[in-house]
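# Chain and residue survey
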Number of protein chains: 2
Amino acid sequence: MVTGRGDSGKLEWKVDIPGGKSETLVPESGFVCRIWRGLRGLVEGFLLKIWRFLEKAWGIGVDEPRKLVHCLKVGLALSAVSLFYYMRPLYDGVGGNAMWAVMTVVVVFEYTVGATLSKSINRIAATFLAGSLGIGIHWVASQSGERFEPIILGFSVFILAAVATFSRFVPSVKARFDYGASIFILTFSLVSVSGYRVEKLVGLAHNRLSTIAIGTSLCIIISMLFCPIWAGDELHSLITRNLEKLSDSLNGCVAEYFHQNGTVDSGGEDCSKKLRGYKCVLNSKATEDSMANFAIWEPAHGNFNFRHPWKQYLKLGASMRYCACCIEALNGCLDTEVEAPEFLKEHLQDVCMILSSCSSNVLKELMITMKTMRRSSKIHFFVGEMNSAVKDLQNGMKSLPTMLSVPPPDTVKGKPGTKTTIPPLMEVLPLATLVSLLIEIAARIEAIVNNIDELACLAEFKPAKDDKPKQNQSTITPISDDQDHETMTAIQKV
Amino acid sequence: MVTGRGDSGKLEWKVDIPGGKSETLVPESGFVCRIWRGLRGLVEGFLLKIWRFLEKAWGIGVDEPRKLVHCLKVGLALSAVSLFYYMRPLYDGVGGNAMWAVMTVVVVFEYTVGATLSKSINRIAATFLAGSLGIGIHWVASQSGERFEPIILGFSVFILAAVATFSRFVPSVKARFDYGASIFILTFSLVSVSGYRVEKLVGLAHNRLSTIAIGTSLCIIISMLFCPIWAGDELHSLITRNLEKLSDSLNGCVAEYFHQNGTVDSGGEDCSKKLRGYKCVLNSKATEDSMANFAIWEPAHGNFNFRHPWKQYLKLGASMRYCACCIEALNGCLDTEVEAPEFLKEHLQDVCMILSSCSSNVLKELMITMKTMRRSSKIHFFVGEMNSAVKDLQNGMKSLPTMLSVPPPDTVKGKPGTKTTIPPLMEVLPLATLVSLLIEIAARIEAIVNNIDELACLAEFKPAKDDKPKQNQSTITPISDDQDHETMTAIQKV
């Protein structure tokens, strides 16, 4: 039985349970209270979201303080140009020239110097071109009588806008003049449909162009003088970092397979991050492309000349992705449950580890070459070492089945059971794949070496220091402690 | 001997050669002629460049006529808005509201509806937000006396510009509100430093906002009504095409290895293009990301609801790239000179070809699922087929060494030479890699299947048609009809 009002006079629910006891269901909290809770939950959720966002932003700021510097630079440029025009409003504030200067700064100021330069030059050139053309068309239209004027204007806007828009689809235009095309359309439409007479327009255009020039020069000066961030530098160091990541991933991957837990697991999260480094390489195409496009606009800076072969970096990046693909496949194939027989693993472990560390060495040496922009005197030695490690591995494989299949003479007749030492191919599969992919990776690393050689020629890297590699005599694998020491000090000098 | 002036009175050079004959060096062509040639060369080179550019542009237009349509749409929108404001100049033409309408159309009109919508909404929201904030700050500054006014204004511009610029580095903001942030900075600076009184500003802001609204609505209407190009559609068909490319590449790759020249070479260039299809998959990340970002803004269209799970497409794309990586490695590994022994190749050819064609079938079926947006009744059957092909291949490998190593009884004593039938592991290497990578690819294809299953759930694909697959009887690995029926009903329950 359910009763409506309890002793206290408040609304409460009693439920008589057949067993005899009656329970009181007190409304836990009033209506207002519930709303309050709901609201509090909403606000808390919102605050939490904002908090997370701030945390993320803080992380970005801490990781890359240069981004913070860029923001301050934008703020500086913008308040400078704003205040300049605020203090001495040449025209009427909004709508006058001040606007164009402010707008130019907002739109043109980019993270890298190259991007800023590219946009600035695009903006000025496109404004000039479209302005002249617009004034011309405007004049033609105004001469042709009131009836034809709107037709000529509308038609010319239509045609030029369509053509300029289409040109943005052509990859070469898209890469360099995308912004210019859009500014061209904008300026042309504005000028050609404006209601002014041509004489006044010329004056206006002159003013506008000079304002834009002031805005862009301010941007260029600030972006080049205060902590400049060069697209070329970024591209160069991206490639350098990626070389290191490839090297780390390769080494880590192979070591993990052979359960070198001592070296792999000790690093914990940091180490698994290193293992996955190749994924960054796989995903860096878009960044490389845009950086190379911006770098072309940059003047000589640091070690880079004006005509530094930035295109070569794209080829280099492609060959690195090509190599990263193999590491990715390797990583996948080693994750199978099929375990190769222990003795086989042991037989091949050394040669595999040597090959992977030789390959890593080549990549590390390439990284040093890129970092110092100095040809390496040792790279060909390292490549030779890598190639002979490949040979060793191949020989190791060749000797393998004979070793396994020829049973000791006395067992031939009596115990054919020893035949079981021959592992079924299935069990060898991951190992064989590892070997095959390692060999393939070595080949792809050689392609990277060639690309960097080519880059060194084109960019005129400094000649190698004359510390001749003395490792020649003892090529293949046994790197003696002495030699190793030499290499180490060479690296440390760098 | 060299003489200066010849008989004709013209300058010419005679060289007396010791042998007795004298030769006359007539200047081949005059100075003017050479300049003429140089100029002609330049002009011809320039024309050739333009010609090539036009050819390329023509190619793009022919390949993707929708891009042409887009250009016409831009031209239409722009001449419409220009003429509208030209006919009835609400203010003073340039600098007045017409400018903002034209500018809005130029900047906001993008290739896909999603991009246009995203930019429009960003622009309106950011203008409104920044305008209100700017007017507020402007009022505060104007109340605080002439001395503090520029300080407050400059400082607020600095802070807000820096913060907004920084927010663009946060990936989630960058993906959706990049344009909004830049418009925010622009509007805020313009409003806060303008020389107007607050009352006039409010009126101006109102006008400006409505002009922008008119511009954006024109863009949205034109982009949605005339041959709309939906980012969602593009993304969906990109993924669908990529599935097909993966399928073709995989099949072609394996067939090429086994020298199925009949099927591979006959296609010629077209076929090698098909073989390299996986490269497109590897490089499509950037496009997928941006399309998914734009698609989020799109209203329901065609088969896609407003809240279509576009994020899932990114996961799907990632798993496809993951698979493409393996195909890329496969392609590399098969290019070695090491030839597996013919009999081994023959032994494995069938199982390998079956596995690759089963895998291709799964991919093709997935493609059909995506294309029709209808759950497939056969996909689980195909996956089962693929998995049993994997098992077959593994069994084939397992049986291999026994088959090879146990010599016929009578040869054990007499002819140990028959041992040579055991191929050295080295020769088996490419084949083993092929097998291993094929198995890995099958695993990765299953990941794709799972991703598409998930997508089908989230996007509520149409249920499967009830046409039972009749291929059951003619499979490689006899899945009995009963089992198949079980699978089928299981699927239908799901």
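Residues numbered from 1 in each chain as written. Chains lettered and ligands numbered in written order. Predicted model: local features only at pLDDT ≥ 70, side-chain atom pairs only at ≥ 80, totals over all residues. Heavy atoms only, no water.

### A closer look at the overall build of chain A
Helices and strands together make up the secondary structure of chain A, namely 18 helices and three strands. Per-residue burial over chain A gives 47% buried out of 494 residues. Partitioning the intrachain contacts of chain A with sequence separation of at least 6 by distance along the chain shows that 78% fall at a separation of at least 24. (Helix = DSSP H or I, 4+ residues; strand = E, 2+ residues; numbered from the N terminus. Buried < 20%, exposed > 50% of the residue type's maximum accessible area, 1.4 Å probe, protein only. Contact = heavy atoms within 4.5 Å.)

### A word on the interface of chain B and chain A
On the side of chain A, 88 residues touch chain B, which itself brings 88 residues to the contact. Joining chain B to chain A, the criterion identifies two salt bridges. We note a salt bridge from Glu328(A) to Arg444(B), for which the minimum N-O separation is 3.0 Å. If one sorts the elements of the side of chain B that touches chain A by residue count, helix H2 (residues 65-87) of chain B sits on top with 14 residues. Taken together, the residues of the side of chain B that touches chain A break down into 58 nonpolar, 18 polar and twelve charged. (Salt bridge = Lys/Arg side-chain N within 4 Å of Asp/Glu carboxyl O. Nonpolar A, V, L, I, M, F, W, Y, C, P; charged D, E, K, R; others polar.)

### Describing the confidence of the model for chain A
Residues and elements named next belong to chain A. Here chain A averages 78 in pLDDT, while 76% of its residues score no lower than 70. Element-level mean pLDDT values for chain A span from 40 in helix H16 (residues 411-414) up to 91 in helix H12 (residues 285-295). Ignoring residues within four places in sequence, the model shows residues 261-266, a span with pLDDT below 50, making seven contacts including any to other chains. Contacts of residues 405-420 to residues separated by more than four positions or lying in other chains number 13 contacts, the stretch itself having pLDDT below 50. (pLDDT = per-residue confidence, 0-100.)

### Notes on helix H14 (residues 342-372) of chain B
Residues spaced three or four apart along an α-helix face the same direction, because each turn holds 3.6 residues. Residues and elements named next belong to chain B. Between the first and last C-alpha of H14 there are 43 Å, a value that for 31 residues agrees with the 45 Å anticipated at 1.5 Å per step. At Gln349, H14 is bent by approximately 40°, the largest bend along its length. Looking at the residues trailing H14, positive phi occurs at Met373, about 55°. (Expected span 1.5 Å × (residues − 1). Bend = angle between axes of the 7 residues up to and from the residue.)

### Concerning the nonpolar core
Ranked by internal contacts, the top residues of the largest apolar core, which has 142 residues, are Leu246(A), Leu434(A), Ile448(A), Leu246(B), Leu434(B) and Ile448(B). Other than its neighbours up to four places away in sequence, Leu246(B) contacts Tyr278(B), Val281(B), Met320(B), Cys323(B), Ala324(B), Ile327(B), Leu363(B) and Ile448(B). (Core = buried A, V, L, I, M, F, W, Y, C linked by side-chain atoms within 4.5 Å.)

### Here we look at the side chain of Thr216(B)
Residue and element names in this part refer to chain B. Of note, Thr216 is situated in helix H7 (residues 198-225). According to the relative accessible area criterion, Thr216 is buried, its value standing at 2%. Those residues in contact with Thr216 that lie beyond four places of it in its chain are Thr104, Val108, Ser120 and Ile124.

### What about the packing of aromatic side chains?
On inspection of all chains with the given rule, the structure shows 14 aromatic pairs over all chains. When the ring of Phe169(A) is compared with that of Tyr111(B), the centres are 5.4 Å apart and the planes differ by 75°; the resulting orientation is edge-to-face. In this pair, Phe169(A) sits in the loop between helix H5 (145-167) and helix H6 (171-193) while Tyr111(B) sits in the loop between helix H3 (97-108) and helix H4 (113-143), so the two residues belong to two different chains. When its relative accessible area of 18% is taken as the criterion, Phe169(A) is described as buried. Owing to a relative accessible area of 17%, Tyr111(B) belongs among the buried residues under this scheme. Where Phe304(A) meets Trp310(A), the ring centres are 5.2 Å apart and the plane angle is 50°; that geometry is what we call tilted. Members of the aromatic cluster, joined through ring pairs, are Tyr111(A), Phe166(B) and Phe169(B). Here the guanidinium or amino end of Lys119(B) rests over the ring plane of Tyr179(B), the centre of that ring lying 4.8 Å away. Geometry around Tyr322(B) places Arg444(B) over its ring, the cationic atom sitting 3.7 Å from the centre. (Phe/Tyr/Trp six-rings, centres within 6.5 Å; stacked < 30°, edge-to-face > 60°. Lys NZ or Arg CZ within 6 Å of the ring centre and 35° of its normal.)

### A few points about the side chain of Ser223(A)
Residues and elements named next belong to chain A. Its location among the elements puts Ser223 in helix H7 (residues 198-225). The exposure class of Ser223 is buried, given its relative accessible area of 2%. Dropping the residues within four chain positions of it, Ser223 is found in contact with Lys73, Phe109, Val113, Thr116, Pro228 and Ile229.

### Details of the relation of the copies chain B and chain A
What connects the two chain copies is a rotation about an axis and a shift along it. Between chain B and chain A, the superposition needs a rotation of 180° and an axial shift of 0.0 Å, giving an RMSD of 0.2 Å. Accordingly, the operation relating the two chain copies is best matched by a two-fold axis. Most of the interface of chain B is mirrored in chain A: 100% of its interface residues are interface residues there too. (Least-squares fit on C-alpha atoms with pLDDT ≥ 70 in both.)

### Quick look at the packing of helix H8 (residues 231-257) of chain A against helix H13 (residues 310-333) of chain A
Helix packing for two helices is described by the angle between their axes and how far apart those axes are. Residues and elements named next belong to chain A. Running from N to C, H8 and H13 cross one another at 20°; their axes reach a closest spacing of 11 Å. With respect to their mutual orientation, H8 and H13 come out roughly parallel. When you trace H8 past H13, the crossing you get is left-handed. Contact residues: H8 offers Gly232, Leu235, His236, Ile239, Asn242, Leu243, Leu246, Ser249, Leu250 and Cys253, while H13 offers Trp310, Tyr313, Leu316, Gly317, Met320, Cys323, Ala324, Ile327, Leu330 and Asn331. Looking at the contact of H8 with H13 residue by residue, the class counts come to 14 nonpolar, six polar and no charged. (Axes fitted to C-alpha atoms, helices over the stretch in contact; angles between N-to-C directions. Parallel < 35°, antiparallel > 145°, perpendicular 65-115°, else oblique. Left-handed = near helix turned anticlockwise from the far one by under 90°.)

### What about the pattern of salt bridges?
Summed over all chains, the structure comprises 23 salt bridges over all chains. Residue Arg66(A) pairs with Glu234(A) through a salt bridge whose shortest N-O separation is 2.2 Å. Here the residue Arg66(A) occupies a position in helix H2 (residues 65-87), and Glu234(A) occupies one in helix H8, the gap between them amounting to 168 residues. Each member of the salt-bridge network shares a partner with another, and the members are Lys279(A), Glu328(A), Glu440(B) and Arg444(B).

### Overview of the state of the cysteines
Among covalent bonds in proteins, the disulfide is the one between the sulfur atoms of two cysteines. Residue and element names in this part refer to chain A. For the structure shown, the criterion picks out zero disulfides over all chains. Unpaired in this structure, Cys323 has its nearest cysteine sulfur neighbour in Cys326, at a distance of 6.8 Å. In this structure Cys323 comes out as buried when scored by relative accessible area, which is 0%. (Disulfide = S-S within 2.5 Å.)

### Quick look at the packing of helix H8 (residues 231-257) of chain B against helix H12 (residues 285-295) of chain B
Residues and elements named next belong to chain B. Packing of H8 against H12 brings their axes to within 8 Å, and their N-to-C directions diverge by 145°. Considering the relative orientation of H8 and H12, their crossing is left-handed. Only Thr287, Glu288, Met291, Ala292, Phe294 and Ala295 of H12 make contact with H8, whose side of the interface consists of Ala231, Gly232, Glu234, Leu235, Leu238, Ile239 and Asn242. Residue composition of the contact of H8 with H12, by class: eight nonpolar, three polar and two charged.

### With respect to unusual backbone geometry
Here the phi dihedral of Cys227(A) falls at roughly 35°; this positive angle occurs in a residue that is not glycine. Mapping Cys227(A) onto the fold places it in the loop between H7 and H8.

### Comments concerning the environment of Ser356(A)
Residues and elements named next belong to chain A. Along the chain, the position of Ser356 falls in helix H14 (residues 342-372). A relative accessible area of 1% means that Ser356 is categorised as buried. Remark: the alpha-carbon pair of Ser356 and Thr211, spanning 145 residues in sequence, is separated by 59 Å. For Ser356, the contacting residues outside a window of four places in its chain are Leu250, Asn251, Val254 and Leu438. Polar contacts involving the side chain of Ser356 include one to the main-chain carbonyl oxygen of Met353, which spans 3.3 Å. (Polar contact = N/O pair within 3.5 Å; in protein donor to acceptor, adjacent residues only side chain to side chain.)

### Remarks on the environment of Met386(B)
Residues and elements named next belong to chain B. Positionally, Met386 belongs in helix H15 (residues 379-405). Each C-alpha atom, one on Met386 and one on Ile439, is 9.7 Å from the other, the two residues being 53 residues apart in sequence. Every residue in contact with Met386, bar those within four places of it in the chain, is listed here: Leu355, Cys358, Ser359, Val362, Ala442, Ile445 and Glu446.

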